[in-house]
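Architecture at a glance
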Amino acid sequence: MKKSIKLGLAASALMLLSGVALAQDVKLVDPRESPYVIDPRGVIVRDPFGLCWRTGSWSVERAAAAKIEGAKFPNWTAGCECDRELMKPPVCEPPPPPPPPPAPVEAPKPPPAPPAPTSEKVTFAADALFDFDKATLRPDGRAALDDLVSKLAGVTLEVIIGVGYTDRIGPDAYNLALSQRRAQAVKDYLVSKGIEPNRIYTEGKGKANPVKQCPDPSAKGEVRNRTQLIQCLQPNRRVEVEVVGTRPVRR
C-alpha cells in the first residue's frame, strides 16, 4: 500500500514537472509596470506548479493591460498567460476577421466612339491675272475667282491662302509691295462674295517663283522689245489661291 502511494506521488510530481517544462517564458514589453514578479531577463517568474507569481500591486486590470512580447494578437496580454480565467472580453480574444473585400465594381463602359468623319480634304487653285504694274483684277481673274467661289458650295472652309507675285521687271522692294497689294485685291474680291475675312490669309512674294521664263529683249530674239517682254511675263503677274476645307463624302 505504501509503495502504491509513493508511486502515485511520483507520477503526480512528474506531471507537474512536465507542465512546468511546457510552460513557455513570458517576457513583458515594459517590465517596469509588471503586475507579476519578473527575473533579470524581464520574464515572468513561475512557481513549481507553473503559476505566475503576482506582485503586491497585482490587479485584474493591470494584468489585462501588461503587454508581452510575441503576443498571439493585440489583445493577448500577460493576464492571458497567467490568469486567463479572470480576464474579461475583449482581452484574450482574437480580433474580428477583416470585412470581406467589396465586390468589384464594373468599370463604366466607355462611350461609343463617334462615327468616323465622312469628309475629305479639298484644294482649289486659281490664277488671278493682273495687268502690268497694276493691282486691279483682270476680267479673266475675276472669272477664275467666281468659279472658285462656286466650288466652295458644301465645303466647310478652314482657310484660304492667297499669295501674290509680280514679274521680274522693276526694283525688288517695289515688286514686293505690288505683290502684297495684288493678294489683298483677291481677298477683297472674295470677301465681297461672302467669304469671311478671318478665313483668308494673304502674302506677297514679289518676283519669286516665276511660272514662265522670258529672255531679255534682243533684235533677233523671241522677245524683241519691252512691250513683248511685258506680254511674255503676263503669267507671272498673278495671285495663287489655295482653299483648304472639308467636303462631306457621298456614300
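Refer to the structure presented above.
My aim in this report is to walk through the structure given alongside it, one point at a time. No experiment lies behind these values; they were computed from the predicted model shown.

Right, let's talk about the overall build of the protein for a bit. Helix and strand content of the protein: six helices and four strands. Mapped from its N terminus to its C terminus, the protein presents α and β elements in the order α-α-α-β-α-β-α-β-α-β. Taking all 251 residues of the protein together, 31% fall into the buried category. Residue pairs at least 24 apart in sequence account for 64% of intrachain contacts in the protein once pairs closer than 6 positions are excluded. Only carbon and sulfur atoms are counted for the fraction: they give 59% of the accessible area of the protein, which is about 16600 Å².

Bringing unusual backbone geometry into the picture now. A cis amide bond links P89 to the next residue, P90, at an omega of 10°. Looking at where P90 falls in the secondary structure, it is placed in the loop between helix 3 (78–82) and strand 1 (119–127). In the Ramachandran plot, D133 falls in the positive-phi region, its phi being about 60° despite a non-glycine side chain. Within the secondary structure, D133 sits in the loop between strand 1 and helix 4 (139–151). Given the relative accessible area of 37%, D133 is considered partly exposed. The phi dihedral of N209 falls on the positive side, at around 50°, and the residue is not glycine.

What follows deals with the pairing of strand 2 (residues 156–164). Pairing geometry for strand 2 and strand 4 (residues 239–248), over eight bridges, is antiparallel. Pairing of L157 across the sheet is with G245, part of strand 4. Here strand 2 runs beside strand 3 (residues 200–204); their pairing, made up of five bridges, is parallel. Its bridge partner lying in strand 3, I160 is registered against I200.

Position of R238 relative to the elements: it lies in the loop between helix 6 (226–232) and strand 4. The exposure class of R238 is buried, given its relative accessible area of 1%. A distance of 2.6 Å separates a polar atom in the side chain of R238 from the backbone oxygen of N209.

Quick look at the side chain of R182 now. Within the secondary structure, R182 is located in helix 5 (residues 172–192). At 2.6 Å, the side chain of R182 and the backbone oxygen of K134 are in polar contact. Non-local contacts of R182, meaning those with residues more than four positions away in its chain, are made with F130, D131, F132, D133, K134, A135, Y165, T166, R237, R238 and V239.

Core analysis: the biggest nonpolar cluster contains 18 residues, and Y36, I44 and A78 have the highest contact counts within it. Put simply, the parts of the chain that give this core at least two residues each are helix 2 (60–65) and helix 3. By residue number, the principal contributor to this core is helix 3, which donates three residues. Ignoring anything within four residues of it in the chain, the contact list for I44 reads V26, L28, Y36, V37, I38, C52, A78 and C82. A128, L137, L148 and I200 belong to the second-largest nonpolar core, a separate cluster that totals 17 residues.

The next point concerns the environment of K88. With respect to the secondary-structure elements, K88 resides in the loop between helix 3 and strand 1. Put simply, K88 and E61 are 27 residues apart on the chain and 9.4 Å apart in space, counted from C-alpha to C-alpha.

So, how was this worked out
By convention here, each chain's residues receive numbers from 1 onward along its written sequence. Local features in a predicted model are, by the rule used here, given only for residues with pLDDT of at least 70; side-chain atom pairs are given and counted only at 80 or more, and totals for whole chains, interfaces and linings are based on all residues. Water and hydrogen atoms were dropped before computing side-chain values, which therefore reflect all heavy atoms in the structure. Counting from the N terminus, the helices are the DSSP runs of H or I reaching at least four residues and the strands are the DSSP runs of E reaching at least two. Relative accessible area decides the class of each residue, using a 1.4 Å probe on protein chains only: under 20% of the type maximum gives buried, over 50% gives exposed, and in between gives partly exposed. In this analysis, two residues are considered to be in contact whenever any of their non-hydrogen atoms come within 4.5 Å of each other. For the area figures, the Shrake-Rupley method with a 1.4 Å probe applies, and any residue is considered shielded solely by the protein chains shown. One bridge is not enough; two strands pair if DSSP finds at least two bridges between them. For the purposes of these results, a polar contact is taken to be a pair of N or O atoms within 3.5 Å, where, inside protein, one atom must be able to donate a hydrogen and its partner to accept one; residues adjacent in sequence count only when each atom of the pair is a side-chain atom. The set of buried Ala, Val, Leu, Ile, Met, Phe, Trp, Tyr and Cys residues whose side-chain atoms join them within 4.5 Å is what this entry labels a nonpolar core.

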